[in-house]
Amino acid sequence: MFGYILGTDGSLWLEIIWRTHFLVKRAIIGVVAVVSILVIVVGVRSLDKEAKPFDEKVVVVSLLKYLQGRTGELPVLSRVSDCRTDGMTHAPVSADLFGAFLRANGRNAMPLSFDGAAVVIPSGTDPWRARREQSGPILAVSRVGVMDDQSLVCVEVYASDARAFFFVLERTNTNWEVVAEHIAWEPPPEEDLGPEEFVQ
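My aim in this report is to walk through the structure given alongside it, one point at a time. Note that this is a predicted model, so its numbers are computed, not measured.

1. Regarding the nonpolar core
Formed by 21 residues in total, the largest nonpolar core has its most connected members in Cys-83, Phe-98, Phe-101, Leu-152, Cys-154 and Phe-166. Judged by nonpolar contacts, the second largest core, of 18 residues, contains Val-59, Val-141, Val-155 and Trp-176.

Here is the structure:
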C-alpha cells in the first residue's frame, strides 16, 4: 500500500521517515531530560540555601552554653518575641535573616520546649513574675530565625531593669557558634535632675 502511494522507491522514503521520526523523538526525550535535570538542580540548590534542615534546640542550647560562660547559670524562659522591634531594627543584621526571625516569632508561633538550662521556667510565664519568683535575673529566649547558615535569636534579660540583645550564630558542621552580638533595646538613660528642676 505504502509502495503504491510513495512510488517505486517507497521503501526508501519509509526508512527516511522512520529515521527522521526516531531522531526527532530522541531529541525531544533529550531536551526533556536536560530540562528535568536543571529543574532538580535549581530546586536542590534553592532548598539548600533557604530551607536547610536544622534543629532549633541545638541553636538555643549552643547559645545558652555561650551565655553561661559569661553570666553563670541563670533561669531561662522560652518566649515568642519580636524583641520589641515592631518589624524594624537598627541592628546590623541582614534583611533576610531579620525577616526569618520575624516569621519564626510570628502570630502563630509557640514557645520552644527545651532542657538546655539549669532552670527552665514554664512557657507562658510573665517574665517579671518569673523574675520575682526566682529572686534574681532571668533570661527570656525567643524562637530562632534561620537563613542559610546563620541564625538570629533575641535574648531579653530581666534583672533590676530589662534590656535585650540580638545574637547571630553561624553553623559549624552540626553545631552553632555565636559570631555577633547587638543591642536590641535597653532602658532609656535616667535624666539627671538639677536643683532647678525641683523649683515649683
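Continuing now.
2. Remarks on the state of the cysteines
For the structure shown, the criterion picks out one disulfide. What pairs with Cys-83 in a disulfide is Cys-154, and their sulfur atoms sit 1.9 Å apart. Because the sign of the S-S torsion sets the handedness, a value of about 70° for the bond joining Cys-83 and Cys-154 places this disulfide among the right-handed ones. Taken as a pair, Cys-83 in the loop between β1 (76-78) and α4 (95-104) and Cys-154 in strand β5 (residues 150-158) lie far apart in primary sequence, 71 residues in all. Cys-154 sits in the buried class, given a relative accessible area of 0%.

3. Considerations on the packing of aromatic side chains
In the structure shown here, the tally under the stated rule is five aromatic pairs. For the ring pair Tyr-66 and Phe-167, a centre distance of 6.2 Å and an interplane angle of 70° mean the geometry is edge-to-face. Of the two residues, Tyr-66 sits in helix α3 (residues 56-71) while Phe-167 sits in strand β6 (residues 162-172), which places them 101 residues apart along the sequence. For Tyr-66, a relative accessible area of 33% corresponds to the partly exposed category.

4. Topic: the side chain of Ser-62
With respect to the helices and strands, Ser-62 occurs in helix α3. Judged by its relative accessible area of 12%, Ser-62 falls in the buried class. Here the side chain of Ser-62 touches Val-58 through a polar contact of 2.8 Å, landing on its backbone oxygen. If we ignore the near neighbours within four places in the chain, the residues touching Ser-62 are Leu-169, Asn-175 and Trp-176.

The rules we used
Residues numbered from 1 in each chain as written. Predicted model: local features only at pLDDT ≥ 70, side-chain atom pairs only at ≥ 80, totals over all residues. Heavy atoms only, no water. Core = buried A, V, L, I, M, F, W, Y, C linked by side-chain atoms within 4.5 Å. Buried < 20%, exposed > 50% of the residue type's maximum accessible area, 1.4 Å probe, protein only. Disulfide = S-S within 2.5 Å. Helix = DSSP H or I, 4+ residues; strand = E, 2+ residues; numbered from the N terminus. Phe/Tyr/Trp six-rings, centres within 6.5 Å; stacked < 30°, edge-to-face > 60°. Polar contact = N/O pair within 3.5 Å; in protein donor to acceptor, adjacent residues only side chain to side chain. Contact = heavy atoms within 4.5 Å.

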